[in-house]
Amino acid sequence: MTERGTILITGAGRRVGLHVAHSLLRDGFGVIAHYRSESDGVAALRAAGATAIQADLTRSEELRRLLATVTGKDEPLRGIIHNASLFETTREDVDEALAQYERFVAVHMRAPWLINTILAPLLAGENDDPADIIHITDIFADNPNPAFDLYCSTKAGLQNLTLSFAKRLAPRVKVNAIQPGPVLFKDTHTAAARERVLEETLLGREGGAEAIYRAVKALLDNPYITGASLPVDGGRRLAQRV
Ligand SMILES: NC(=O)c1ccc[n+]([C@@H]2O[C@H](COP(=O)([O-])OP(=O)(O)OC[C@H]3O[C@@H](n4cnc5c(N)ncnc54)[C@H](OP(=O)(O)O)[C@@H]3O)[C@@H](O)[C@H]2O)c1
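Residues numbered from 1 in each chain as written. Predicted model: local features only at pLDDT ≥ 70, side-chain atom pairs only at ≥ 80, totals over all residues. Heavy atoms only, no water.

## Here's the deal with the packing of helix 1 (residues 15-26) against helix 7 (residues 209-221)
So, point 1. The N-to-C vectors of helix 1 and helix 7 enclose an angle of 50°; their axes lie 9 Å apart at closest approach. One way to sum up the angle between helix 1 and helix 7 is to call them oblique. By crossing handedness, the relation of helix 1 to helix 7 is classed as right-handed. For the pair formed by helix 1 and helix 7, the contact residues are Val 16, His 19, Val 20, Ser 23, Leu 24 and Arg 26 on the first element and Ala 209, Glu 210, Ile 212, Tyr 213 and Leu 220 on the second.
So, point 2. Considered class by class, the residues forming the contact of helix 1 with helix 7 number seven nonpolar, two polar and two charged. (Axes fitted to C-alpha atoms, helices over the stretch in contact; angles between N-to-C directions. Helix = DSSP H or I, 4+ residues; strand = E, 2+ residues; numbered from the N terminus. Parallel < 35°, antiparallel > 145°, perpendicular 65-115°, else oblique. Left-handed = near helix turned anticlockwise from the far one by under 90°. Contact = heavy atoms within 4.5 Å. Nonpolar A, V, L, I, M, F, W, Y, C, P; charged D, E, K, R; others polar.)

## Overview of the site of the ligand
So, point 1. Arg 14, Arg 15, Arg 36, Ser 37 and Lys 186 are the nearest of the 27 residues found near the ligand.
So, point 2. Contact distances for the ligand include 2.8 Å between an oxygen atom and a backbone N or O atom of Asn 83.
So, point 3. Protein contact buries 93% of the 890 Å² of open area that the ligand shows by itself.
So, point 4. Structurally, the ligand is housed in the largest pocket.
So, point 5. For the shell around the ligand, the class distribution of residues is 12 nonpolar, eight polar and seven charged. (Near = heavy atom within 4 Å. Polar contact = N/O pair within 3.5 Å; in protein donor to acceptor, adjacent residues only side chain to side chain. Areas by Shrake-Rupley, 256 points an atom, 1.4 Å probe, with all protein chains shown as cover. 1 Å grid on protein atoms, 1.4 Å probe; cavity = no way out; pocket = protein on both sides within 12 Å on 5 of 7 lines; lining within 4 Å. Sits in = over half its atoms within 2 Å of the grid points.)

## A look at the pattern of salt bridges
So, point 1. Evaluated as defined, the whole model comprises 15 salt bridges.
So, point 2. Note that Asp 132 is salt-bridged to Arg 78, the shortest N-O span being 2.8 Å. Of this pair, Asp 132 sits in strand 5 (residues 131-136) while Arg 78 is found in the loop between helix 3 (60-72) and strand 4 (79-82), placing the two residues 54 residues apart along the sequence.
So, point 3. The partner of Arg 237 in a salt bridge is Asp 233, with the nearest N and O atoms 2.8 Å apart. (Salt bridge = Lys/Arg side-chain N within 4 Å of Asp/Glu carboxyl O.)

## A short note on a nonpolar patch on the surface
So, point 1. On the surface, a cluster of nonpolar side chains totalling about 360 Å² of accessible area is made up of Leu 202, Leu 203 and Leu 238.
So, point 2. Assignment of secondary structure puts Leu 238 in helix 8 (residues 236-239).
So, point 3. The class of Leu 238 is exposed, set by a relative accessible area of 62%. (Patch = residues over 30% accessible without salt bridge, like charges linked within 9 Å, V, L, I, M, F, W, Y side chains within 5 Å. Buried < 20%, exposed > 50% of the residue type's maximum accessible area, 1.4 Å probe, protein only.)

## Here's the deal with unusual backbone geometry
So, point 1. Of the consecutive residues Ala 170 and Pro 171, the connecting peptide bond is found in the cis state with omega at 0°.
So, point 2. Here Pro 171 shows up in the loop between helix 5 (149-169) and strand 6 (173-180).
So, point 3. Positive phi outside glycine occurs at Arg 15, with the angle close to 50°.
So, point 4. Its location among the elements puts Arg 15 in helix 1.
So, point 5. We note that Asn 127 has phi near 50°; this positive angle belongs to a residue other than glycine.
So, point 6. Mapped onto the elements of the fold, Asn 127 is located in the loop between helix 4 (94-119) and strand 5.
So, point 7. Look at Asn 127 and you get exposed, because its relative accessible area is 76%.

## Overview of the pairing of strand 1 (residues 6-9)
Where a strand is regular, its side chains alternate between the two sheet faces.
So, point 1. Burial along strand 1 is two-sided: Thr 6 and Leu 8 facing one way and Ile 7 and Ile 9 facing the other are all buried.
So, point 2. With helix 1 bridging strand 1 and the parallel strand 2 (residues 30-35), this β-α-β connection has right-handed handedness.
So, point 3. Here three bridges tie strand 1 to strand 4, and the two strands are oriented parallel to one another. Looking at strand 4, one finds that Ile 7 is bridged to Gly 79. (Right-handed = clockwise from strand over helix to strand, strands pointing away. Pairing = 2+ DSSP bridges.)

## Description of a negative patch on the surface
So, point 1. Together, Glu 92, Asp 93, Asp 95 and Glu 96 make up a negatively charged patch on the protein surface.
So, point 2. Mapped onto the fold, Glu 96 is located in helix 4. (Lys, Arg positive; Asp, Glu negative; His and termini not counted. Charge placed at Lys NZ, Arg CZ, Asp CG, Glu CD.)

## A few points about empty space enclosed by the protein
So, point 1. Applying the stated criterion across every chain yields a total of three cavities of 30 Å³ or more.
So, point 2. Size it by volume and the largest cavity reaches roughly 50 Å³.
So, point 3. Lining the largest cavity we find Thr 10, Leu 57, His 82, Asn 83, Ala 84, Val 107, Ala 111, Pro 112, Ile 115 and Leu 158.
So, point 4. If one sorts the elements of the lining of the largest cavity by residue count, helix 4 sits on top with four residues.
So, point 5. Grouping the constituent residues of the lining of the largest cavity by class yields seven nonpolar, three polar and no charged. (Points joined across faces, edges and corners; volume = space filled by probe spheres on them.)

Below, the structure written as structure tokens:
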């Protein structure tokens, strides 16, 4: 058992999830790092002491196997962070878009629902404080970009599940959402797209993965916040034109 208990984080193999997983380890938490693709990042997490478990969350049998591995450990969990995500514009072809929708629902809604439901009995906070579930959603859950309507609507579904689970699991577990804005651009963002996004962001810069970790840490450290959504977006939600 680690000093501060163990946290399961999904999509920990790269970028924000990888940074959050390393930061949790540094701060004394144990980490169960879920990942889809093997990578140097996953190897580095194992080397740093995380337990890494592979699963494609669109595949029910792999999701079930992930859950069986975690419950099989028969150890308490301090928290769960749902970070795994797909980010794509909606396909023009309707049949392709429908198949895409199933993947979005599976990763953003079905997997978090099942993981929370199956693992809730394992959740236990530090001292007498509640444990944590954190859903990483998006400012687009409230103010969608129509070109990403499938992505946005399923992130809005996850945002709504925050409220159901906050009600369902209280007072033992706090359940909150973090809504990132432009924290880390993708390689696919052109220079022009980056410039435009930053022009629409009050604080005028990319936030970085550390901004998300600090929000995670703030929620973990505060025993009296549940059913809340915390935008970590440099103010983009107030200024975005779409
Ligand atoms: N980056 C931003 O500026 C930004 C803005 C708004 C919201 N967010 C949210 O913040 C979180 C972290 O962002 P990010 O940019 O680091 O995300 P990302 O680069 O898109 O990484 C997402 C992670 O999810 C995993 N994943 C995708 N599909 C999966 C599947 N079917 N099964 C299992 N795992 C799957 C990926 O695994 P692979 O490595 O195998 O692909 C990856 O590790 C996400 O929830 C994202 O929606 C980020």
